[in-house]
Number of protein chains: 2
Amino acid sequence: MKTNSEKIVRIAELDIDPAQIDAYLALLTEEIEASVEKEPGVLMLHAVSVKDAVEKVRILEVYANRQAYEVHIQTPHFLKYKTLTAGMVTSLNLVDVDPIVLAAK
Amino acid sequence: MKTNSEKIVRIAELDIDPAQIDAYLALLTEEIEASVEKEPGVLMLHAVSVKDAVEKVRILEVYANRQAYEVHIQTPHFLKYKTLTAGMVTSLNLVDVDPIVLAAK
């Protein structure tokens, strides 16, 4: 069973309505910057889009623990993102993963 | 056209022979740690495995530029990994991506 202190790591796979991609990317960027800046338990949000298919977005997400994730999804910046992008996201697949090694400069 | 100074960002999607997963993970970890420690142009290698499917590995890779990537794939530690894991990797899909925002503590 997952302990309370275990990191939550996930890959979110999203498809976005191409007609709304610019608005979506602005909202996503704002939400990510606010989350990593303001929330001690949001350790990493790395968002990328598939080359030549900008509507296919992938996000590697790392939260300090389950409680940090539960706090995150109730913050004003997350709720703003979730509400305003609801009509832009055509597909959302959340893939729970385990870290093997996370190495960066 | 990609300029020489542009970052290379990629998601590698690998399937590993389940019978060899422990040996594969040890070689991957060694290779990632050596790359990020020794190579100035290897900025990030974040490797995860799908929960309850450890043989499905995903790696978010960031290199400083094309030249850094070309150097990387000729290093002894990369060539060791590539040679010794050749018989362990049953599927390899390299997805070129563009960064939207990469944010971490």
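A short tour of the structure in this document, coming up. (Residues numbered from 1 in each chain as written. Chains lettered and ligands numbered in written order. Predicted model: local features only at pLDDT ≥ 70, side-chain atom pairs only at ≥ 80, totals over all residues.)

Quick look at the overall build of chain A
Cut-off, in case you're wondering: Every helix listed is a DSSP run of H or I at least four residues long, and every strand listed is a run of E at least two residues long, numbered separately from the N terminus. Only C-alpha atoms enter the radius of gyration, while the globule expectation follows 2.2 Å times N to the 0.38, with N the number of residues. Buried, partly exposed and exposed are defined by the number of other C-beta atoms within 10 Å of a residue's own C-beta, namely 20 or more, between the two limits, and 12 or fewer respectively, with C-beta atoms placed from the backbone.
Scanning chain A for helices and strands turns up three helices and four strands. Reading chain A from its N end, one meets helices and strands in the order β-α-β-β-α-α-β. Whereas a compact globule of 105 residues would reach a radius of gyration of roughly 13 Å, chain A reaches 14 Å, a difference of no more than 12%. Overall, the C-alpha framework of chain A stretches about 40 × 30 × 30 Å when taken along its three principal axes. Looking at chain A residue by residue over its 105 residues, the buried ones come to 28%.

Quick notes on the interface of chain B and chain A
Definition in use: Note on contacts: each residue gets a C-beta atom placed from the backbone, and two residues are in contact if those atoms are within 7 Å. Note that Gly is not counted as nonpolar here; it falls among the polar residues with everything else outside the nonpolar set of Ala, Val, Leu, Ile, Met, Phe, Trp, Tyr, Cys and Pro and the charged set of Asp, Glu, Lys and Arg. Strand pairing follows a simple DSSP-based rule, namely that at least 2 bridges must link the two strands.
Across the boundary between the two partners, chain B contributes 31 residues, which contact 31 residues of chain A. Listed by contribution, the elements that provide at least two residues to the side of chain B that touches chain A are β1 (8-16), α1 (21-38), β2 (42-50), β3 (53-63) and β4 (89-104) of chain B. When grouped by side-chain class, the residues that make up the side of chain B that touches chain A number 22 nonpolar, three polar and six charged. Direction of pairing for strand β4 (residues 89-104) of chain A relative to β2(B): antiparallel, over a ladder of seven bridges. Bridge assignment links A:D98 to a residue of β2(B), and that residue is B:S49.

Considerations on the pairing of β4(A)
For strand β1 (residues 8-16) of chain A and β4(A), the ladder comprises eight bridges, and the chain directions are antiparallel. Across the sheet, the residue bridging to A:L14 is A:L92, located in β4(A).

Looking at the nonpolar core
The condition is simple: Core membership is restricted to buried Ala, Val, Leu, Ile, Met, Phe, Trp, Tyr and Cys residues, and these are joined into a nonpolar core through C-beta atoms within 7 Å.
Formed by 42 residues in total, the largest nonpolar core has its most connected members in A:L28, A:A47, B:L28 and B:A47. Each residue touching B:L28, except ones within four places of it in the same chain, is listed here: A:I100, B:A47 and B:Y81.

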